Amino acid sequence: MALFSRIPFNKKQIEVAIVRLEQQTSAELRVYIERHIAKSSSSVMEHALSVFQKLEMTATQARNGVLIYIAYKDHQCAIIGDEGIHQYVGENFWQAQCAEMTTHFKQKVYTQGVVNAIDNIAQVLAQHFPIQPNDRNELDNEVIIND
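In short, a report on the structure. (Residues numbered from 1 in each chain as written. Predicted model: local features only at pLDDT ≥ 70, side-chain atom pairs only at ≥ 80, totals over all residues. Heavy atoms only, no water.)

The next thing to look at is the nonpolar core. Nonpolar side chains in soluble globular proteins tend to end up buried together. Judged by nonpolar contacts, the single largest core of 35 residues is most densely connected at Phe 9, Ile 14, Val 31, Ile 33, Ile 70, Met 101 and Ile 118. Secondary structure elements with two or more residues in this core: helix H1 (11-22), strand S1 (28-34), strand S2 (65-71), strand S3 (76-81), helix H3 (83-106) and helix H4 (110-128). Among the elements that make up this core, the one with the highest residue count is H4 (nine residues). For Ile 33, the contacting residues outside a window of four places in its chain are Ile 7, Phe 9, Ile 14, Ile 70, Tyr 72, Val 143, Ile 144, Ile 145 and Asn 146. (Core = buried A, V, L, I, M, F, W, Y, C linked by side-chain atoms within 4.5 Å. Buried < 20%, exposed > 50% of the residue type's maximum accessible area, 1.4 Å probe, protein only. Helix = DSSP H or I, 4+ residues; strand = E, 2+ residues; numbered from the N terminus. Contact = heavy atoms within 4.5 Å.)

In C-alpha cells:
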C-alpha cells in the first residue's frame, strides 16, 4: 500500500460506520478502495466479484457478507451482497447505493458518500439479519486500500 494520506478517504470514519452497522445486524461488511479498476477487467462488477472472491466474503455462516468496492478516480463502485443478503435486497438496492456514493465522489465528498451508503445498508440489513446475542465478527472491519 502506498501512502494513505494521498487517498481522499478517512479510513477511521469508514471503519466506525462498519462497526455501527455490525452493532445493528449480524451481516458483515467490508470496504475495498483503489484508484482505478484493473485494466484486465471488462467491468467494475467483474473486478468487484474477483475482489469478493479473493477476500473470501462467502465465508460467513449465514452467507451475509457485503463488499463495497470503490475505484474512486474512475468514479465507479459496485456493491456485492452474498446470496443470503442478495435474495432480500436485490440489484436495484445495491445500484441505488452506488449511485448515491458516486454523486458524493463527483463532489469530492468521498468519506461521507461511503458512510451514508453503509448507514443505508445497515438499516435494510438489520431488518433481515438482526443482531444476535451470540453474534461474532466473522470478517475483518479494516478498510482495504489497494493503491
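Next comes the rest of the write-up.
Moving on to helix H2 (residues 44-54). Burial in H2 covers these residues: Val 44, His 47, Ala 48, Val 51 and Phe 52. Each buried residue of H2 sits inside an arc of 145 degrees when the element is viewed along its axis, so together they form one side. Summarising the contacts, the buried residues of H2 are in contact with S1, S2 and S3. Once H2 ends, the next one or two residues include Glu 56, with phi positive near 55 degrees. (Arc of directions from axis to C-beta.)

Moving on: the sheet that holds S2. The mixed open sheet is built from four strands, whose spatial order is S3-S2-S1-S4. The two strands at the open ends of the sheet, each matched to only one other strand, are S3 and strand S4 (144-146). Pairwise comparison of adjacent strand axes, ignoring direction, gives a mean angle of 15 degrees for this sheet. Pairing analysis gives seven bridges linking S1 to S2, with the strands arranged parallel. Residue pairing across strands places Ile 33 opposite Ile 70, the latter belonging to S2. Against the sheet, H3 makes contact with S2 and S3, and its axis sits at roughly 165 degrees relative to S3, the strand it touches most. (Pairing = 2+ DSSP bridges. Axes fitted to C-alpha atoms, helices over the stretch in contact; angles between N-to-C directions.)

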